[in-house]
Amino acid sequence: MNFGYIDNNGGSSTQSITITNNSSQTVELTGVGSIIFPYESSDSETGIYCTNAPSGSDTVQLAPGQSCTADVTLTFGDGQSVQDCYPADNTTCEYYYAPSFFVAPASNPNDSTGFYVPVEFVVGPPSGGPGIPTTPGPPSQQGGGSSTTPPPPSGPIQPATGCHQLPAGTVVAALATPDGGGYWIVDSAGQVSNCGDASPVFGQLSSPPPSPIVAAAESPGGLGYWMVSADGAVYAFGDAQYWGGANTLPTPLAAPIVGIGADQATGGYWLVGADGGVFSFHAQFEGSTWSDGITGLSGPHPLAAPIVGIDGSPDGQGYLLVGADGGVFTFGDAQFHGSVPGVLPPGTHLAKPVVGIVADPATGGYWMVASDGGVFSFHEQFYGSAA
């Protein structure tokens, strides 16, 4: 049971738990309470009972196949910290005191066995805190599209007001506000600068993560964002919900994660690796370069260049990937409108590699950007570049 990020100045989070009787006999399930935060000098217990139990009772009988549901609320008081936690660093906690129940055969209620439900969560100051990796959503298979001359560069672009400086050379993403009046800039250490009307910063990492942040995506409501690191860990801020990360998959990643795309329909997200593998979390998997027979970065049918980014279609029914050579791969209902290799003269190459792609929800087209600031537009208006 993952409560996600909780503000330790009066924040709270509620999650539901479902317990199903998978045995062949009727059982009695008794909710005996749980130690719920805040953890103070003396533990306070709060009853956690099945919502479908008889009124005034903490016990419910479950026939084979029947389920019990219970709501669990975790609350922090003003300024209270995590104690007796693993790891005990006053920031993260997993497998702490959890909802506890007793189960027994209905024919012999005294023959009971207790069990506990693991709890995971993160706490921090009101300015935000990291998401916490938990059980991953189902990984994808390890799809395709095909792979225009760049328009002439525009003049220099002036920065928006309200930004604060981040260390040079560390920026990995920029996320626009819903009204287009500002943006957030994210760096590889998980620090965030807000520019224009992008206020507030919904959260940032208090220290550099074990693996550097490589990409970020805005939540559908524009009131939060996710960051993802090269090892697949996902960090959620604001109204962005945490659904899992590729760092907790049962097998190691074949290639580092390079991008994250938001599913506008579900509030979930997709992660993509440099080898074209796509991992879906609370989002529909529509394919990857692997499912189209491309064998990652090596093998008999390798990618021409590593994948560097992903973005979702407006309705959440598809997504597109882009490679460092400007090749585009589309999946689901994402439309293919062209790519750099398809229009460059034979034998010519980009001056600098492509590093990202953004889909236009109004037209279904997209823009790519290269590491030198060059912008390439497909089925889109070109507004200039920093090249």
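Since the model is a prediction, treat every value here as computed from it, not as a measurement. (Residues numbered from 1 in each chain as written. Predicted model: local features only at pLDDT ≥ 70, side-chain atom pairs only at ≥ 80, totals over all residues. Heavy atoms only, no water.)

Caption draft 1: Here's a closer look at the nonpolar core. By size, the foremost hydrophobic cluster in this structure holds 17 residues, and its most contacted members are Trp 226, Val 228, Val 234, Ile 260, Tyr 269 and Leu 271. Contributions of two or more residues to this core are made by strand S14 (213-218), strand S15 (224-229), strand S16 (234-238), strand S17 (257-262), strand S18 (269-273) and strand S19 (278-281). Here the element with the most residues in this core is S17; it accounts for three residues. Filtering out sequence-adjacent residues up to four positions away, Leu 271 remains in contact with Val 228, Gly 232, Val 234, Ala 246, Ile 257, Gly 259, Ile 260, Gly 277, Val 278, Phe 279 and Phe 281. (Core = buried A, V, L, I, M, F, W, Y, C linked by side-chain atoms within 4.5 Å. Buried < 20%, exposed > 50% of the residue type's maximum accessible area, 1.4 Å probe, protein only. Helix = DSSP H or I, 4+ residues; strand = E, 2+ residues; numbered from the N terminus. Contact = heavy atoms within 4.5 Å.)

Caption draft 2: Representation of the confidence of the model for the chain within the structure. A residue-level look at the chain finds 72% of positions with pLDDT of 70 or above and a mean pLDDT of 75. Strand S7 (residues 92-94) is the least confidently modelled element of the chain, averaging 42 in pLDDT, while S17 averages 96, the highest of any element. In this model, residues 34-46 is a region of pLDDT below 50 whose contacts with residues beyond four sequence positions or in other chains number 36 contacts. Confidence drops under pLDDT 50 across residues 124-161; counting only partners more than four residues distant or on other chains, this segment forms 127 contacts. (pLDDT = per-residue confidence, 0-100.)

Caption draft 3: Quick peek at the sheet that holds S19. On the basis of which strands lie adjacent, the open sheet formed by three strands has the order S17-S18-S19 and antiparallel pairing. Two strands lie at the open edges of the sheet, namely S17 and S19, each paired on one side alone. Averaged over all adjacent pairs, the angle separating strand axes in this sheet is 20°, with direction ignored. Looking at chain direction, S18 and S19 are connected through four bridges and run antiparallel. Bridging across to S19, Trp 270 finds its partner in Ser 280. (Pairing = 2+ DSSP bridges. Axes fitted to C-alpha atoms, helices over the stretch in contact; angles between N-to-C directions.)

Caption draft 4: Seen up close, the environment of Asn 194. With respect to the helices and strands, Asn 194 occurs in strand S13 (residues 192-196). There is a polar contact of 2.9 Å between the side chain of Asn 194 and the backbone oxygen of Ala 198. (Polar contact = N/O pair within 3.5 Å; in protein donor to acceptor, adjacent residues only side chain to side chain.)

Caption draft 5: Main features of the sheet that holds S14. With respect to topology, three strands assemble into an open sheet ordered S14-S15-S16, the strand pairing being antiparallel. The sheet terminates laterally at S14 and S16, the two strands that pair on one side only. Taking each pair of neighbouring strands and ignoring which way they run, the sheet shows an average axis angle of 20°. Of the strand pairs in this sheet, S15 and S16 are connected by five bridges, and their pairing is antiparallel. By the bridge assignment for S16, Val 228 is matched with Val 234.

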